[in-house]
Amino acid sequence: IDALSSLYYLCLVNVVRRAADLGLTQKDLFLFVNISPDTLTSPVYGIDEIGGLIERWGMVKGKIVLEITAGSIIRNYDIFKQAISYYKNSGYLIAIDDLNDGYKGLKMLSFIEPDIIKIDRQFLGKMGANISFVDRIVRVCQRIGITVIATGIEKEDEMEDVLTMDIELIQGKYHGMAMPLSNMK
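Residues numbered from 1 in each chain as written. Predicted model: local features only at pLDDT ≥ 70, side-chain atom pairs only at ≥ 80, totals over all residues. Heavy atoms only, no water.

J.: Looking at this structure, I do not really get the overall build of the chain. What am I missing?
T.: Check the secondary structure of the chain and you find eight helices and six strands. A total of 185 residues make up the chain; the buried ones form 41% of that total. The contacts of the chain with a sequence gap of at least 6 include a subset with a gap of at least 24, amounting to 66%. (Helix = DSSP H or I, 4+ residues; strand = E, 2+ residues; numbered from the N terminus. Buried < 20%, exposed > 50% of the residue type's maximum accessible area, 1.4 Å probe, protein only. Contact = heavy atoms within 4.5 Å.)

J.: Mind showing me how you'd approach the environment of Ala19 here?
T.: Within the secondary structure layout, Ala19 lies in helix α1 (residues 3-21). Ala19 sits 40 residues away from Met59 along the chain, and the two C-alpha atoms are 8.5 Å apart. Ala19 has contacts with Leu24, Leu31 and Met59, leaving out every residue within four places of it along the chain.

J.: For this particular structure, what's the right way to read the confidence of the model for the chain?
T.: Detailed conclusions should not be drawn from predicted coordinates in areas where pLDDT is low. The predicted model of the chain has a mean per-residue pLDDT of 80, with 85% of residues at 70 or higher. When mean pLDDT is taken per element in the chain, strand β3 (residues 93-97) scores highest with 92 and helix α6 (residues 121-124) scores lowest with 67. (pLDDT = per-residue confidence, 0-100.)

J.: What is the right way to look at the nonpolar core in this model?
T.: Note on soluble globular proteins: their nonpolar side chains tend to be buried together. Counting residues in hydrophobic clusters, the biggest one holds 49 residues, and the most contacted among them are Leu40, Ile50, Ile68, Phe80, Ile112 and Ile117. With six residues, α1 is the largest single contributor of residues to this core. (Core = buried A, V, L, I, M, F, W, Y, C linked by side-chain atoms within 4.5 Å.)

Dropping the structure here:
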């Protein structure tokens, strides 16, 4: 097991424990957790261990979104696809984070068929030149039932561009700075 997989797993443990401590299990909220393909496919931290962790802390699988960065290195596509299928069939939601890596991101989109994609600030921050491309991605995702989140929305003109494309969710400082989960109680 490499150090990065261990780090992702330790972060997952801490996030799930903290979310449970804050009572997220009693709220209608989703928990987005970044996780590496190596951690998902690891014989040490893989399917059984992650599922056990979620159950141990009383989290609901359908409220857990496993976020995989579009530019992630996938060492074995067959094993990765099996892991993704297992998690999806078990009720977890799958997201692609930072859909900005051109062919690599589009390959990931078609390969894992996620529930959610997050379009990165790289596209949204310079919307004028990229609006047509982003609009096409949004339309394709809407047709096949993928929820789209625009990330990095910080300015009014970015928000206006996002609204013209019917993007369902946003993430960014435009509506305020991020706050600790403890403020949500």
